[in-house]
Amino acid sequence: MRIWANHAHVFPQELREEGSLDNLLLYMDSCEIEGCVAFAPLARQVRELGLDPTVWLAKAVKRRPDRIIAFGTIDLGGSSFKSQVKKIHDLGMRGIKIHPPGQRTAILADALLEVYAEAEKRELFISFHTGPHRSRLASLRVLDFDEIALRFPRLRFSLEHVGGYAGLREAVGVIQNNEHRPHTRGVGTVFAGLTTVFHPRWREYYLSPMMLEELVYRIGEDHIIFGLDFPYNDVNETKEAIKIINHLNISTAAKEKILGEVLHAQIAL
Ligand SMILES: [Zn+2]
C-alpha cells in the first residue's frame, strides 16, 4: 500500500533536531510512508533565527518534491494576510496549517476570514488544529467550522484530531453537513484528520478502534485523512497507528483511502 500522511511539523535543524526534514525522511522510511505533508513552523518559533518560516520550508522541501508537499503558516502578528496567502501559493505550497491556540486566535477572527477567502480562491487546503489545547475553547468551537464551510463553500479543510474526543460528534456533524459541496477536487469540503487519535496517552484525542470504525460508518471513507503529528509521535507510535487502521473492520479500499488516497487527491499537483 502506498501511504501518504498529513501533519508533520518540520523545523530548522538548529532549532529542533528531531523535527528536521532529514529526520522526517528517515521516519517516513521506517514507517514505509511514501509521501507526506510538512507544515512550516509558526513565525514566532523561528523569529530568533531571523527566518521566514514559509520561505524556509518552500526551499527545504525542494530536495524531495516527490515525497514532501509543504503547507505554509500565517504570521498573524504581520499584516496583509491576503498577500501572505498569495505568497504561500506562489511558493508552490498546497495548503496552510492553522493552529488557533498556538497562534492565539479565534477561528472566526477577521484576519482568518481574509485568509479563508484567499485560500479558497487559490485552492489551498487548510489543516486546523481542533480539540482542547488549554486555551479558550470558545475560540475554536467545532460548530463554528460549519460557519467557515458555509461562508467559503469551495474551501477544503481538515479538522485535525476530529474535534478531540469531546468534539467528535460535532465534528461528524460539520463533515456530514458539508459533504454535498462540490469543488475542483471532488465533493465534500470538510475532512476528518486522524492525527494523534491512536494512543491512549493522549486523553484529549484518543479514539478507540470501535470509535474509528463508527466514524467511517458515519462519514464514509472519502473524507478521512491520516496524519502523523511528527515529531510529537515517534516511529513506534506511528507504526502502531498504521497497524490500527489496517486492522479496522472496514474494507481494504477504505483503508487505502484513509492512508493516502484521499489526501493525495486533495493536494497533489
Ligand atoms: Zn500538530
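We now turn to the structure provided with this report. (Residues numbered from 1 in each chain as written. Predicted model: local features only at pLDDT ≥ 70, side-chain atom pairs only at ≥ 80, totals over all residues. Heavy atoms only, no water.)

### Thoughts on the overall build of the protein chain
Then, number 1: Helix and strand content of the protein chain: nine helices and 10 strands.
Then, number 2: Scaling as 2.2 N^0.38, a compact globule of 269 residues should have a C-alpha radius of gyration of about 18 Å, and the protein chain matches this with 17 Å.
Then, number 3: Considering only contacts within the protein chain whose residues lie at least 6 apart along the sequence, 76% involve residues at least 24 apart.
Then, number 4: Looking at the protein chain as shown, the accessible area adds up to about 11,900 Å², and 50% of this sits on carbon and sulfur atoms. (Helix = DSSP H or I, 4+ residues; strand = E, 2+ residues; numbered from the N terminus. Rg over C-alpha atoms; globule rule 2.2 N^0.38 Å. Contact = heavy atoms within 4.5 Å. Areas by Shrake-Rupley, 256 points an atom, 1.4 Å probe, with all protein chains shown as cover.)

### Re the coordination of the zinc ion
Then, number 1: At the metal site, the zinc ion is ligated by H7 (NE2), H9 (NE2) and D229 (OD), and these contacts range over 2.0 to 2.3 Å.
Then, number 2: Between consecutive donor residues of the zinc ion, the sequence gaps follow H-x1-H-x219-D. Both residues of the pair, H7 and H9, count as buried. (Donors = N, O, S within 2.8 Å, 3.2 Å for Na, K, Ca; no water. Buried < 20%, exposed > 50% of the residue type's maximum accessible area, 1.4 Å probe, protein only.)

### Overview of the packing of helix α3 (residues 81-90) against helix α4 (residues 110-121)
Then, number 1: α4 packs onto α3 with a crossing angle of 40° between their chain directions and a minimal axis gap of 8 Å. Regarding α3 and α4, the two cross each other, and that crossing is right-handed. Residues F81, K82, V85 and K86 of α3 form the contact with α4, whose own contacting residues are A111, E114, V115, E118 and A119.
Then, number 2: For the contact of α3 with α4, the class distribution of residues is five nonpolar, no polar and four charged. (Axes fitted to C-alpha atoms, helices over the stretch in contact; angles between N-to-C directions. Left-handed = near helix turned anticlockwise from the far one by under 90°. Nonpolar A, V, L, I, M, F, W, Y, C, P; charged D, E, K, R; others polar.)

### Examining the packing of helix α1 (residues 21-31) against helix α8 (residues 235-247)
Packed helix pairs are specified by the crossing angle of their axes together with the interaxial distance, meaning the distance between the axes.
Then, number 1: Direction vectors running N to C along α1 and α8 enclose 40°, while the axes themselves pass 10 Å from each other. Taken together, α1 and α8 sit at an angle that is classed as oblique. The interaxial crossing formed by α1 with α8 has right-handed handedness. Residues Y27, S30 and C31 of α1 pack against V235, T238, K239 and I242 of α8.
Then, number 2: A class-by-class count of the residues in the contact of α1 with α8 yields four nonpolar, two polar and one charged. (Parallel < 35°, antiparallel > 145°, perpendicular 65-115°, else oblique.)

### Remarks on the side chain of E118
Then, number 1: As for its position among the elements, E118 is in helix α4.
Then, number 2: Given a relative accessible area of 5%, E118 falls into the buried group.
Then, number 3: Once you skip the residues sitting within four places of it in the chain, E118 turns out to touch K82, V85 and K86.

### Some words on the pairing of strand β9 (residues 190-194)
Taken residue by residue, a regular strand's side chains alternate between the two faces of the sheet.
Then, number 1: Judged by how many residues are buried, β9 sits mostly within the fold: five of five residues are covered.
Then, number 2: Here β9 shows a buried face lined by V190, A192 and L194 and a second buried face lined by F191 and G193.
Then, number 3: Alignment of β9 against strand β10 (residues 224-230), held across three bridges, turns out to be parallel. Paired with A192 across the two strands is I224, which belongs to β10.
Then, number 4: Note that the unit made of β9, helix α7 (residues 209-219) and β10 has a crossover that is right-handed. (Pairing = 2+ DSSP bridges. Right-handed = clockwise from strand over helix to strand, strands pointing away.)

### Focus: the pattern of salt bridges
Then, number 1: Evaluated as defined, the whole model comprises 14 salt bridges.
Then, number 2: With its nearest N and O atoms 2.7 Å apart, the salt bridge here joins R64 to D66.
Then, number 3: Taking the relative accessible area as the measure of exposure, R64 reaches 31% and is therefore partly exposed.
Then, number 4: For D66, a relative accessible area of 46% corresponds to the partly exposed category.
Then, number 5: Sharing partners across several salt bridges, the network here consists of E118, K121 and R122. (Salt bridge = Lys/Arg side-chain N within 4 Å of Asp/Glu carboxyl O.)

Shape descriptors only; they carry no functional weight alone.
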